[in-house]
Amino acid sequence: MNQKLGKLLSDILAADSVSGTSLIMTVFGDILARRGGSISLSSLIELLSVFNVSDRFVRTSVFRLVKDGWLTAERSGRYSFYHVTEEAMDRFTAAEERIYSAHDAEWNRQWQMIALPSLSGSELMEARKQLESAGYAILSTSVMLYPRADKDATRQLLSKHELNDKALVFEASSCDLSEGNEANLKSLVAKLWQLEEVEDRFQTLLSQFRPVLSLLENGEQLEPAQAFQVRTLLIHIYRRALLKYPPLPEELLPGNWPGKAARTLTHNIYNLVAYPAEQHVDAVARAADGPLPKADKQFCERFGGITLN
């Protein structure tokens, strides 16, 4: 075990209270979703042992994920196995497109506005919650705002949450009517999507993981189990920052936005630890019918292409 790297990782863990359900979701999203989506409870416990968590910690966390519809449980003899549900796999796939993308999508300079004039009380609260989870911000009591216009995606979103007959959808574009319009727009976006908190998360990731990259680039050796620990913790922290806001266009972000630097750092570290981390998963993880399948093609395309050798 590389002691220098171990100390860095221990400091990161000490500074960050890791939720069991969130950590397990990272493992399923980063590794298992591209390797069949299933794992035995015993091997999941062994995988997570590098984070010094107890069996009970893991069992309680997967129980919650089953209850919340992310996983299904199966029993085979003395062993328990957990599988990603179809709905959860769709959500993992949607998140994956953002987490592992090589670049930001171009902005069509359009905005989507959804008004919910017929809803009030708990119905309105629930609708706003569902739209916020899809990246929309609350512009006013019953109006939601999103910085892109995609009719098909909006239609699917409203249908999924049974809002088709309750919502009015508008497309809009911002107008430069004054010299301060751009600054005002950026200020509004930062407030609506709480970008100050997101920026702090990215800055924390950069300060924590730049020393990790330096060690790896200097040829420091690490065992597969430690590579798995680095990769999982890196994506865990990066995911929590990135998915706090929708894919906002660069034109709407504050100056010196740390998101690009965080993505580059994450890509560089990920590329260095992906292969040995996969070796650790090969050695430890099991599904109901034996070893996990190898990672699929989409896995190798993450961040524009990673090296598995």
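Since we're looking at a predicted model, the values are computed, not measured.

Rules behind the numbers
Residues numbered from 1 in each chain as written. Predicted model: local features only at pLDDT ≥ 70, side-chain atom pairs only at ≥ 80, totals over all residues. Heavy atoms only, no water. Helix = DSSP H or I, 4+ residues; strand = E, 2+ residues; numbered from the N terminus. Buried < 20%, exposed > 50% of the residue type's maximum accessible area, 1.4 Å probe, protein only. Lys, Arg positive; Asp, Glu negative; His and termini not counted. Charge placed at Lys NZ, Arg CZ, Asp CG, Glu CD. Axes fitted to C-alpha atoms, helices over the stretch in contact; angles between N-to-C directions. Parallel < 35°, antiparallel > 145°, perpendicular 65-115°, else oblique. Left-handed = near helix turned anticlockwise from the far one by under 90°. Contact = heavy atoms within 4.5 Å. Nonpolar A, V, L, I, M, F, W, Y, C, P; charged D, E, K, R; others polar. Pairing = 2+ DSSP bridges. pLDDT = per-residue confidence, 0-100.

Novice: Even after reading the chapter, I still don't get the overall build of the protein chain, so can you show me in this structure?
Specialist: Helix and strand counts for the protein chain stand at twelve helices and nine strands. In terms of principal-axis extent, the alpha carbons of the protein chain reach across some 60 × 45 × 35 Å. In the protein chain, buried positions account for 47% of the 309 residues. Charged side chains in the protein chain number 34 positive and 39 negative. The centres of these two groups are separated by 5 Å.

Novice: Is there a simple way to think about the packing of helix H3 (residues 41-48) against helix H4 (residues 55-67) in this case?
Specialist: Relative orientation and spacing of two packed helices are given, respectively, by the angle between their axes and the distance between those axes. Contact geometry for H3 and H4: axes closest at 10 Å, N-to-C directions at 120°. With respect to each other, H3 and H4 are oriented oblique. Considering the relative orientation of H3 and H4, their crossing is right-handed. Of the residues in H4, those touching H3 at Leu41, Leu44, Ile45 and Leu48 are Asp55, Val58, Arg59 and Val62. Across the contact of H3 with H4, the residue classes tally to six nonpolar, no polar and two charged.

Novice: Explain the pairing of strand E3 (residues 79-84) here, please?
Specialist: Remember that side chains alternate between the two faces of the sheet whenever the strand is regular. Counted residue by residue, E3 has five buried out of six residues, so it is predominantly covered. As paired elements, strand E1 (residues 38-40) and E3 share three bridges and run antiparallel to each other. Each residue of the ladder has a partner; that of serine 40, found in E3, is phenylalanine 81. Bridge count between strand E2 (residues 71-76) and E3: six bridges; the pairing is antiparallel. Paired with arginine 75 across the two strands is serine 80, which belongs to E3. Connecting E2 to the next strand, E3, in antiparallel fashion are two residues, including glycine 77 with a positive phi near 65°.

Novice: In this structure, what is going on with the environment of alanine 149? I would like to understand it.
Specialist: With respect to the helices and strands, the residue alanine 149 is situated in the loop between strand E6 (143-146) and helix H7 (151-160). Looking at alanine 149, the relative accessible area reads 17%, which means it is buried. The spatial distance from the C-alpha of alanine 149 to the C-alpha of asparagine 218 is 45 Å, given a sequence separation of 69 residues. If we skip the residues at most four places from it in the chain, alanine 149 touches Asn108, Gln110, Trp111, Gln112 and Glu171.

Novice: I keep staring at the sheet that holds E1 and nothing clicks. Help me out?
Specialist: In any sheet, the strands associate via hydrogen bonds between backbone groups, in a parallel or an antiparallel arrangement. Read from one edge to the other, the open sheet built from three strands follows the order E1-E3-E2, with strand pairing classed as antiparallel. Of all strands in the sheet, those bounded by a partner on one side alone are E1 and E2. Neighbour-to-neighbour, the strand axes of this sheet turn through a mean angle of 25°, independent of strand direction. Together, E2 and E3 form the strand contacts of H4, whose direction differs from that of E2 by roughly 120°.

Novice: Before we go on, may I ask you to explain the confidence of the model for the protein chain in this structure?
Specialist: Atom-level detail of predicted coordinates should not be read off regions where pLDDT is low. Overall, the prediction assigns the protein chain a mean pLDDT of 90, with 98% of residues at 70 or greater. Considering each helix and strand of the protein chain separately, the mean pLDDT is smallest for helix H8 (residues 181-192), with a value of 87, and largest for helix H9 (residues 195-217), with 95.

Novice: Where do I start with the sheet that holds strand E4 (residues 111-115) in this structure?
Specialist: Taken in spatial order, the four strands of this open sheet run E5-E6-E4-E7, and their pairing is antiparallel. Two strands in the sheet have a free side with no partner beyond their single neighbour: strand E5 (137-140) and strand E7 (168-172). Each neighbouring strand pair of the sheet contributes to a mean axis angle of 30°, computed without reference to strand direction. Here three bridges tie E5 to E6, and the two strands are oriented antiparallel to one another. The partner of isoleucine 138 across the bridge, within E6, is methionine 144.

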